[in-house]
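Examining the three-dimensional arrangement
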Amino acid sequence: DAKTTQPNSMESNEEEPVHLPCNHSTISGTDYIHWYRQLPSQGPEYVIHGLTSNVNNRMASLAIAEDRKSSTLILHRATLRDAAVYYCILSMNYGGATNKLIFGTGTLLAVQP
Amino acid sequence: DTGVSQDPRHKITKRGQNVTFRCDPISEHNRLYWYRQTLGQGPEFLTYFQNEAQLEKSRLLSDRFSAERPKGSFSTLEIQRTEQGDSAMYLCASRPKVRVNTEAFFGQGTRLTVV
């Protein structure tokens, strides 16, 4: 399973944008890039995922490098409720696979008021 | 439908006892996953079901662990002869069948403490 590398922790101020980086230099052509976040004492929550093109949804944006070896999760205006551990995950995309999500240790995002 | 449901939310047991956890996935999600998470770590994959078939088991799933998904609906995870090292959060996730790479929906987890 291809691995991802994320900073252990980051800090942001409330109402400012946050850019969470992820390196995945061994990504294969069929791997999707997923982002999940986990609030304290909660199960992980889906944020966004993509393959090659940048993606936007109501929670965040995902910017994927042209060579796909890195990506950035963008929270446009951080709120205190965005304080969580953010996981960048590669998920294989082929029929018959379990498509299990392999979590690393993620980035702990602290949001200051 | 309110999402993936896990029961119980918390379980305290004495070492050597057996425990069983239940997961009710989102209706019509044919894919179901169990994960284990210890403090400060990301969730670790344990096992995967597609409908009622258990298609993959991690090496983390020792012979004291068994999981079932009768009739492809709810799933149970049993731990026999619990050890202190089994103390962790046990998470269940489900995914729909339609597209291969969809989002996974996680339950709130069952926190197990072995004393």
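1. Brief notes about the pattern of salt bridges
- Evaluation of the coordinates by the stated rule reveals eight salt bridges over all chains.
- Here B:Glu44 ties to B:Arg36 by a salt bridge, and the two come within 4.0 Å at their closest N and O atoms.
- Residues participating in the shared-partner salt-bridge network are A:Arg37, A:Glu45 and A:Asp82.

2. Remarks on the side chain of B:Ser94
Residue and element names in this part refer to chain B.
- Position of Ser94 relative to the elements: it lies in strand E9 (residues 88-95).
- The class for Ser94 is buried, based on a relative accessible area of 0%.
- Side-chain polar atoms of Ser94 contact the side chain of His29, separated by 2.7 Å.

3. Here we look at the state of the cysteines
- Inspection of every chain in the model, using the stated rule, returns two disulfides over all chains.
- Between A:Cys22 and A:Cys88 runs a disulfide, and the two sulfur atoms are separated by 2.1 Å. One disulfide, between A:Cys22 and A:Cys88, carries an S-S torsion of -85 degrees and so falls in the left-handed class. Of this pair, A:Cys22 sits in strand E2 (residues 18-23) while A:Cys88 sits in strand E8 (residues 84-92), and the two are 66 residues apart along the sequence. A:Cys88 matches A:Cys22 in its accessibility class, with the two residues each being buried.
- Two residues, B:Cys23 and B:Cys92, share a disulfide whose sulfurs are 1.9 Å apart. Residues B:Cys23 and B:Cys92 share a disulfide whose torsion about the S-S bond is about -65 degrees; that sign makes it left-handed. Linking B:Cys23 in strand E3 (residues 19-24) with B:Cys92 in strand E9, this pair joins segments that are 69 residues apart in sequence. An identical accessibility class is assigned to B:Cys23 and B:Cys92; each is buried.

4. Topic: the sheet that holds strand E1 (residues 5-7) of chain B
Residue and element names in this part refer to chain B.
- The sheet built from four strands is open, its strands ordered E1-E3-E8-E7 with antiparallel pairing. On the outer flanks of this sheet lie E1 and strand E7 (65-68), each paired with one strand and no other. Going across the sheet, the axis of each strand differs from the next one's by a mean of 15 degrees, ignoring polarity.
- Alignment of E7 against strand E8 (residues 75-79), held across four bridges, turns out to be antiparallel. Note on E8: the bridge partner recorded for Ser66 is Glu78.

5. Points about the nonpolar core
- Ranked by size, the top nonpolar core spans 20 residues in total, and within it A:Leu20, A:Ile33, A:Trp35, A:Leu73, A:Leu75, A:Tyr86 and A:Leu109 carry the most contacts.
- Within the residue set of this core, elements represented by two or more residues are E2, strand E3 (31-38), strand E4 (45-50), strand E6 (61-64), strand E7 (70-75), E8 and strand E9 (107-112) of chain A.
- The element contributing the most residues to this core is E8(A), with four residues.
- Setting aside anything within four residues of it in sequence, one finds A:Leu73 in contact with A:Val18, A:His19, A:Leu20, A:Trp35, A:Val47, A:Ile48, A:Ala60, A:Ser61 and A:Tyr86.
- Core analysis: the next-biggest nonpolar cluster, separate from the first, contains 19 residues, B:Val4, B:Phe65, B:Leu77 and B:Cys92 among them.

Conventions adopted
Residues numbered from 1 in each chain as written. Chains lettered and ligands numbered in written order. Predicted model: local features only at pLDDT ≥ 70, side-chain atom pairs only at ≥ 80, totals over all residues. Heavy atoms only, no water. Salt bridge = Lys/Arg side-chain N within 4 Å of Asp/Glu carboxyl O. Helix = DSSP H or I, 4+ residues; strand = E, 2+ residues; numbered from the N terminus. Buried < 20%, exposed > 50% of the residue type's maximum accessible area, 1.4 Å probe, protein only. Polar contact = N/O pair within 3.5 Å; in protein donor to acceptor, adjacent residues only side chain to side chain. Disulfide = S-S within 2.5 Å. Pairing = 2+ DSSP bridges. Axes fitted to C-alpha atoms, helices over the stretch in contact; angles between N-to-C directions. Core = buried A, V, L, I, M, F, W, Y, C linked by side-chain atoms within 4.5 Å. Contact = heavy atoms within 4.5 Å.

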